[in-house]
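Architecture at a glance
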Amino acid sequence: MGYRTHYISEAKKLIGSEVTLAGWVHEVRDLGKLKFVQLRDQTGIIQVTAKQGREPDAALAAMSQPKETVVQVKGKVAESKMADSGCEFIPSEFIVLNELSAKVPFEVTGKVPAELDVRLDNRSVDMRTAKTAAIFRVRSVLANAFREKALSLGCTEIQTPCIVEAATEGGADLFKVQYFEKDAYLVQSPQLYKQLCVIGGMDKVFMTVPVFRAEKHNTLTHLNEATQMDIEAAFITPDEAVDMLEAVLIHCLTRAKEKCASELAILGRDLQVPAKIPRHTYTELVEKLNAAGVKFEWGTDFSRETEAKLTEVLGYSTYFITKWPTAIRAFYSMPVEGDEKICNAYDLNYEGLEISSGAQRVHKPEILINALQARGLNPEEFSFYVNAFRVGAPPHCGWSIGMDRLTMKVCGLHNIREAVLFPRDRVRVRP
Ligand code: ATP
Ligand code: MG
């Protein structure tokens, strides 16, 4: 016999049946002759009720455990007029699988709120709280929805290296690693590699990958290790790439709404799924800002404060920004023919936060070399990349969605760290 025959949510539908449950002691109430334990597993909570004289003495005695003790309970599901769920559990055996040997650092019931740092230091305890558990179920649904949509769009899933020789985003903010006799870096973005795959004829590719950025800032929306959901596709125009990004986001939100109703309720989140996402050029938004009296210079990037102003000016917070100034985008963004100061890059702001960036990529080696040099980068260091464009590179576009930021926004969280199991920031590298 295994540790459990059913989860609590299943057992609740089996009034009269003998089952074995396993989980954690959530709450205990001891009235002497009557003992109650709220037993919790991943699916819910059930009240275990034992009466002196009715249930075996050993079961009654074993029920006096501190909260968070791991137990196995054998017994019968019974109808109950007192319990909210309409049922309770009558134990025949109450078995402690692992006694506590330290104090639980904070209340899992959520009755006494704990500081985020304490929660992150004790993440395996924090994950048992209803809110944190809900966040990571939503995150899993989002990750799967991305995979599901990418596959249905005809993309092939790929894996690319995390250790690289050259910067992908242009030099700064890299974590250096000692790679035998030479220096190497943790990848800032899988960008160059997914491009090599579409050049290789895979046509459309996708992946979910960690990226590493040695940015020294400490913000509510940045991590030093983040997870990206990436797509790259050959023979598509920038407009078609934006269509794809729109379809993927809408699919992810739709799945979250369908599959995570109870999680979103726990998080107090009323998730809206847009039918369509408005598109504005960068220049148009700069004009709108200035017309509204917000001084903003063409050619600079939007700060978090300006993004907030944009929401005010537009009257909504989810939109695309297309056709950016070339100088402020990554070197591989394709300049518009005849108007090279603008490039075919695009961002997606979701509920006021940049969650995705992408571009049509430069597929002509000469333009690429110019772009590298214009940013003070040495084309020699990128020879493996540049040379790939000399031997049959189709036009292509791609983008990447920040999985952590998407989860943060879908769950309505204030701090990105809450959306990541074990966040890595300037000071935190453990657990
Ligand atoms: P930002 O301007 O907000 O710092 P970025 O433009 O540098 O972001 P990109 O290189 O465009 O970021 O990365 C693609 C996506 O990955 C971003 O839109 C964002 O959702 C996510 N992302 C980027 N950097 C981070 C980070 N440090 N922490 C968490 N998510 C990130
Ligand atoms: Mg970006």
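Higher on the page you've got the structure.
Overview of the structure. (Residues numbered from 1 in each chain as written. Chains lettered and ligands numbered in written order. Predicted model: local features only at pLDDT ≥ 70, side-chain atom pairs only at ≥ 80, totals over all residues. Heavy atoms only, no water.)

**As for the overall build of the protein chain**
Spelled out, the test is: In this text, helices come from DSSP runs of H or I with a minimum length of four residues, and strands from runs of E with a minimum of two, each type numbered from the N-terminal end. Buried means the residue's accessible area, taken with a 1.4 Å probe over protein chains only, is under 20% of the maximum for its type, while exposed means over 50%, and partly exposed covers the values in between. Note on contacts: a residue pair qualifies if any of its non-hydrogen atoms lie within 4.5 Å across the two residues. For the purpose of charge, His is not counted, nor are the chain termini; Lys and Arg are scored as positive and Asp and Glu as negative. Charge placement uses NZ in Lys and CZ in Arg. For Asp and Glu, CG and CD serve respectively.
The helix and strand tally for the protein chain stands at 13 helices and 17 strands. Seen through its C-alpha atoms, the protein chain measures out along the principal axes to roughly 90 × 55 × 40 Å. Every one of the 431 residues in the protein chain was classed for burial, and the buried ones make up 48%. In the protein chain, the share of contacts with a sequence separation of at least 24, taken over all contacts with a separation of at least 6, comes to 64%. Once the 53 positive and 56 negative side-chain charges of the protein chain are each reduced to a mean point, those two points are 5 Å apart.

**Quick word on the pairing of strand 1 (residues 18–30)**
For clarity, the threshold we go by: For two strands to be treated as a pair, DSSP must find no fewer than two bridges joining them.
In the sheet, strand 1 pairs with strand 4 (residues 70–79) via 7 bridges, with the strands oriented antiparallel. When the sheet's bridge partners are listed, E18 is paired in strand 4 with K76. Once strand 1 ends, the chain turns through 3 residues before running back antiparallel as strand 2 (residues 34–41), passing G32 with a positive phi of about 80 degrees.

**Considering the packing of aromatic side chains**
Rules: What counts as a ring pair is set by centres within 6.5 Å for rings of Phe, Tyr and Trp (its six-membered ring), and what kind of pair is set by the plane angle: stacked under 30 degrees, edge-to-face over 60, tilted for all other angles.
Following the criterion strictly, the structure yields 14 aromatic pairs and no others. Plain terms: the ring middles of F302 and W324 are 5.7 Å apart, the flat faces sit at 70 degrees to each other, and that makes the pair edge-to-face. Here F302 is found in the loop between helix 9 (282–291) and helix 10 (304–314), whereas its partner W324 is found in strand 13 (residues 319–325), with 22 residues between them in sequence. Ring centres of F331 and Y385 lie 6.2 Å apart, and the angle between their planes is 85 degrees; on these two criteria the pair is classed as edge-to-face. Taken together, the positions of F331 in the loop between strand 13 and strand 14 (335–336) and Y385 in helix 12 (residues 383–386) put the pair 54 residues apart, joining distant regions of the chain. Of the residues examined, F331 reaches a relative accessible area of 2% and is grouped as buried. Taking the relative accessible area as the measure of exposure, Y385 reaches 0% and is therefore buried.

**Some points on the packing of helix 5 (residues 130–152) against helix 7 (residues 238–259)**
Here is the rule we go by: What counts as an axis is a line fitted to C-alpha atoms, over the stretch in contact for a helix, and the angles between N-to-C directions run from 0 to 180 degrees. Should an angle fall under 35 degrees it is taken as roughly parallel, and over 145 as roughly antiparallel, whereas 65 to 115 is taken as roughly perpendicular and any remaining angle as oblique. Crossing chirality is assigned from the near helix's rotation relative to the far helix, an anticlockwise turn below a right angle marking it left-handed and a clockwise turn marking it right-handed.
Between helix 5 and helix 7, the shortest axis-to-axis distance is 9 Å and the interhelical angle comes to 135 degrees. Considering their axes alone, helix 5 and helix 7 lie oblique with respect to each other. In this structure, helix 5 crosses over helix 7, and the sense of that crossing is right-handed. Contacts from V141, L142, A145, F146, E148 and K149 of helix 5 reach helix 7 at A247, V248, H251, C252, R255, A256 and K259.

**A closer look at the coordination of the magnesium ion (ligand 2)**
Ideal geometry at a metal centre gives angles of 109.5 degrees when four donors are arranged tetrahedrally and 90 or 180 degrees when six donors are arranged octahedrally. Put simply, the test is: Distances decide who is a donor: an N, O or S atom must be within 2.8 Å of the metal, or within 3.2 Å for Na, K and Ca. Water is not included, so sites may look incomplete.
Surrounding the magnesium ion (ligand 2) are the protein donor atoms E354 (OE) and S357 (OG), which sit 2.1 to 2.3 Å from the metal. Among the residues examined, S357 registers a relative accessible area of 26% and is labelled partly exposed.

**What about the pattern of salt bridges?**
Threshold: Any carboxyl oxygen of Asp or Glu within 4 Å of a side-chain nitrogen of Lys or Arg constitutes a salt bridge here.
According to the stated counting rule, one finds 32 salt bridges in the structure shown. Measuring nitrogen to oxygen at the nearest pair gives 2.8 Å for the salt bridge that ties R139 to D404. Highlighted residues: R139 in helix 5 and D404 in helix 13 (residues 403–410), separated in sequence by 265 residues. For R139, a relative accessible area of 15% translates into the label buried. One salt bridge in this structure joins R279 and D243, with 2.7 Å as the shortest N-O distance. Separated by 36 residues along the polypeptide, R279 in strand 12 (residues 279–281) and D243 in helix 7 bring together distant segments of the chain. What makes R279 partly exposed here is its relative accessible area of 31%. Judged by relative accessible area, which is 38%, D243 ranks as partly exposed. Taken together, the salt bridges that share partners define one network made up of R119, R123, D126, K131 and E418.

**What about the packing of helix 5 against helix 13?**
At their nearest, the axes of helix 5 and helix 13 sit 10 Å apart, and the two run at 125 degrees to each other. It follows from the interaxial angle that helix 5 and helix 13 lie oblique. Considering the relative orientation of helix 5 and helix 13, their crossing is right-handed. Across from I135, V138, R139, L142 and A143 in helix 5, the residues of helix 13 making contact are M403, D404, L406, T407 and V410.

**Considerations on the environment of T43**
Note the cut-off: Each polar contact in these results corresponds to two N or O atoms within 3.5 Å; when the atoms are within protein, one needs to be able to donate a hydrogen and the other to accept it, and residues that are neighboring in sequence are counted only if both atoms are side-chain atoms.
Inspection of the secondary structure assignment puts T43 in the loop between strand 2 and strand 3 (44–51). Judged by its relative accessible area of 31%, T43 is partly exposed. Residues T43 and T20, spaced 23 residues apart in sequence, show a C-alpha to C-alpha distance of 15 Å. If sequence neighbours within four positions are ignored, T43 has contacts with Y7, I8 and S9. Side-chain polar atoms of T43 contact the backbone nitrogen of I8, separated by 3.4 Å. Polar contacts involving the side chain of T43 include one to the side chain of D41, which spans 2.6 Å.

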